[in-house]
Amino acid sequence: MRRTLPAATLALLLVLTACSTPSETSTSGPTPTGTPTASRQDAGQVEQTLASLRRVDDLPLYEMNYVGSYDATVGTDAAPASPFGCSLFVAAGDRSRPLFARNFDWDPNPAMVLRTDPPQGYASISLVDLSYLGVGAELSGDRRLLNAPLLPFDGMNERGLAVGLAADDAARADPVPGKPTVGSVRILRLVLDRAATVDEAIAVFTAHNLDFSGGPALHYLVGDATGASAVIEFVDGQMRVERGQGSWQALTNVPLIGIPEEKRRNDRRYDLIHRAMTESGGVADATAAFRVLTGVRQAHTRWSVTYGLRSGEVRLVTAGGAERRYDLTVG
């Protein structure tokens, strides 16, 4: 966590709600495989990180606690084909309990709940699609897992800042001379590590060029503990921002900025979220949010997750229906 924050011990406490208690995954056996590029850990921290890996459901879903430092500006980038779709929204009708919700719709790949607490960044919990690390079916001892912090597909940090992505085939990001270029998924790690508010998240995006080559163009939704939110898109090569003006904000796979609301609603999933959020006044606890996520669920939805932006509660339901809960101290 950032050492400049007010003193608060930021514990990530796992609350098990699955039907059975998972067993620890052994890290003994063959010589570790793979080459980590982002790790700035010592040997002991590497050992602790890999020893924390365990499988917790049959998605398969894994958990890992990353111990020590990493360089979020180097190494692995995701280069997926165009995802089938994703659905995200921020429910901020009750500013005392704003909530970020998201369906990740994609191929049947293994996933990981990753907990990080970098020395010079904010502690966070995020979800990673493991296929982009190049790992195989046998994960034990695979040092490529040490690159997992680079590829969060959604997540929330200790300040209650959450971010997620979705494909946007119309997007184009033209490079601005003098700015560093980062991958279109890696930018989420920089946001989670460095931003406490929506304004700070926008500043992180503004400071970087995004590389959409080798994968789908993307757009993004961010929300923070005050209930503020924003959609970040790339229109005609330029970064554009639409800040949430009402009690909710949503994102699917259609461009939003400059598009009238009635035209946005031609997208079935966006329309379902619009109707649900309008009816509730943008007020939703995790249970209500999961009802909405179920309504926009697709056959290839891999996980549904809610992030309590002030409570720190994370609830995750995977494709098989197993639910897990986590707590990230927010302050």
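For the structure itself, look to the data block above.
This report concerns the structure included in the present document.

What counts and what doesn't
- Residues numbered from 1 in each chain as written.
- Predicted model: local features only at pLDDT ≥ 70, side-chain atom pairs only at ≥ 80, totals over all residues.
- Heavy atoms only, no water.
- Helix = DSSP H or I, 4+ residues; strand = E, 2+ residues; numbered from the N terminus.
- Buried < 20%, exposed > 50% of the residue type's maximum accessible area, 1.4 Å probe, protein only.
- Contact = heavy atoms within 4.5 Å.
- Areas by Shrake-Rupley, 256 points an atom, 1.4 Å probe, with all protein chains shown as cover.
- Core = buried A, V, L, I, M, F, W, Y, C linked by side-chain atoms within 4.5 Å.
- Phe/Tyr/Trp six-rings, centres within 6.5 Å; stacked < 30°, edge-to-face > 60°.
- Pairing = 2+ DSSP bridges.
- Axes fitted to C-alpha atoms, helices over the stretch in contact; angles between N-to-C directions.
- Arc of directions from axis to C-beta.
- Polar contact = N/O pair within 3.5 Å; in protein donor to acceptor, adjacent residues only side chain to side chain.
- Parallel < 35°, antiparallel > 145°, perpendicular 65-115°, else oblique.
- Left-handed = near helix turned anticlockwise from the far one by under 90°.

**Comments concerning the overall build of the protein chain**
For step 1, the next point in the chain: Assigned secondary structure in the protein chain consists of six helices and 18 strands.
For step 2, the next point in the chain: Taken across its 331 residues, the protein chain has 55% of its residues classed as buried.
For step 3, the next point in the chain: Counting contacts in the protein chain only where the partners sit at least 6 residues apart, residues at least 24 apart contribute 69% of the total.
For step 4, the next point in the chain: Surface summary for the protein chain: the accessible area is close to 13100 Å², and the carbon and sulfur share equals 51%.

**A closer look at the nonpolar core**
For step 1, the next point in the chain: Among the nonpolar cores identified, the biggest contains 96 residues, and Phe 89, Leu 145 and Tyr 220 are the most heavily contacted of them.
For step 2, the next point in the chain: Tallying contributions element by element places helix H6 (residues 286-295) first for this core, with six residues.
For step 3, the next point in the chain: Setting aside chain neighbours within four positions, we find Leu 145 in contact with Leu 50, Leu 53, Met 64, Met 112, Leu 130, Leu 133, Val 135 and Leu 139.

**As for the packing of aromatic side chains**
Where two aromatic rings form a pair, the distance of their centres and the angle of their planes describe that pair.
For step 1, the next point in the chain: A complete count under the given rule lists eight aromatic pairs for this structure.
For step 2, the next point in the chain: Members of the aromatic cluster, joined through ring pairs, are Phe 104, Tyr 132, Phe 153 and Trp 303.

**Some words on unusual backbone geometry**
For step 1, the next point in the chain: Residue Pro 60 follows Leu 59 across a cis peptide bond; omega there is 5°.
For step 2, the next point in the chain: Topologically, Pro 60 is positioned in the loop between strand E2 (54-57) and strand E3 (61-66).
For step 3, the next point in the chain: Phi at Asp 236 takes a positive value of approximately 55°, unusual for a residue other than glycine.
For step 4, the next point in the chain: On the secondary structure map, Asp 236 appears in the loop between strand E13 (229-235) and strand E14 (238-243).
For step 5, the next point in the chain: The exposure class of Asp 236 is exposed, given its relative accessible area of 58%.

**Some words on the environment of Val 46**
For step 1, the next point in the chain: With respect to the helices and strands, Val 46 occurs in helix H1 (residues 43-51).
For step 2, the next point in the chain: Overall, Val 46 belongs to the buried group, its relative accessible area being 9%.
For step 3, the next point in the chain: Residues Val 46 and Arg 143 lie 97 residues apart in sequence; the distance between their C-alpha atoms is 8.4 Å.
For step 4, the next point in the chain: For Val 46, the contacting residues outside a window of four places in its chain are Ser 39, Gln 41, Arg 143 and Leu 146.

**Focus on the sheet that holds strand E8 (residues 152-157)**
For step 1, the next point in the chain: Ordered in space as E2-E3-E6-E7-E8-E9-E12-E13-E14, the nine strands form an open sheet in which the pairing is mixed. Two strands lie at the open edges of the sheet, namely E2 and E14, each paired on one side alone. Taken pair by pair, the neighbouring strands of this sheet meet at an average axis angle of 20°, ignoring direction.
For step 2, the next point in the chain: Two elements, E8 and strand E9 (residues 162-167), share three bridges in a ladder whose sense is antiparallel. Counterpart to Asp 154 in the pairing with E9 is Gly 164.
For step 3, the next point in the chain: Where helix H2 (residues 186-194) meets the sheet, it contacts strand E6 (111-116), strand E7 (124-129), E8, E9 and strand E12 (218-223), and its direction lies at approximately 5° from that of E8.

**Details of helix H3 (residues 198-206)**
For step 1, the next point in the chain: Every buried residue of H3 is listed here: Val 198, Ala 201, Ile 202, Val 204 and Phe 205. Viewed along the axis of H3, the buried residues span an arc of 155°, placing them on a single side of the element.

**A word on the side chain of Asn 109**
For step 1, the next point in the chain: Within the fold, Asn 109 resides in the loop between strand E5 (99-105) and E6.
For step 2, the next point in the chain: Residue classification places Asn 109 among the buried residues on the basis of a relative accessible area of 17%.
For step 3, the next point in the chain: For Asn 109, the side chain forms a polar contact with the side chain of Asp 129, separated by 3.2 Å.
For step 4, the next point in the chain: Beyond its immediate sequence surroundings of up to four residues, Asn 109 is in contact with Leu 59, Asp 129, Ser 131 and Arg 302.

**Observations concerning the packing of H2 against H3**
For step 1, the next point in the chain: Across the interface, H2 lies against H3 with an axial gap of 9 Å and an inter-helix angle of 140°. Classified by the angle their axes make, H2 and H3 are oblique. Like other packed secondary-structure pairs, H2 and H3 cross with a definite hand, here right-handed. Together, Ile 187, Leu 190, Val 191 and Arg 194 of H2 and Glu 200, Ala 201, Val 204 and Phe 205 of H3 make up the contact between the two elements.

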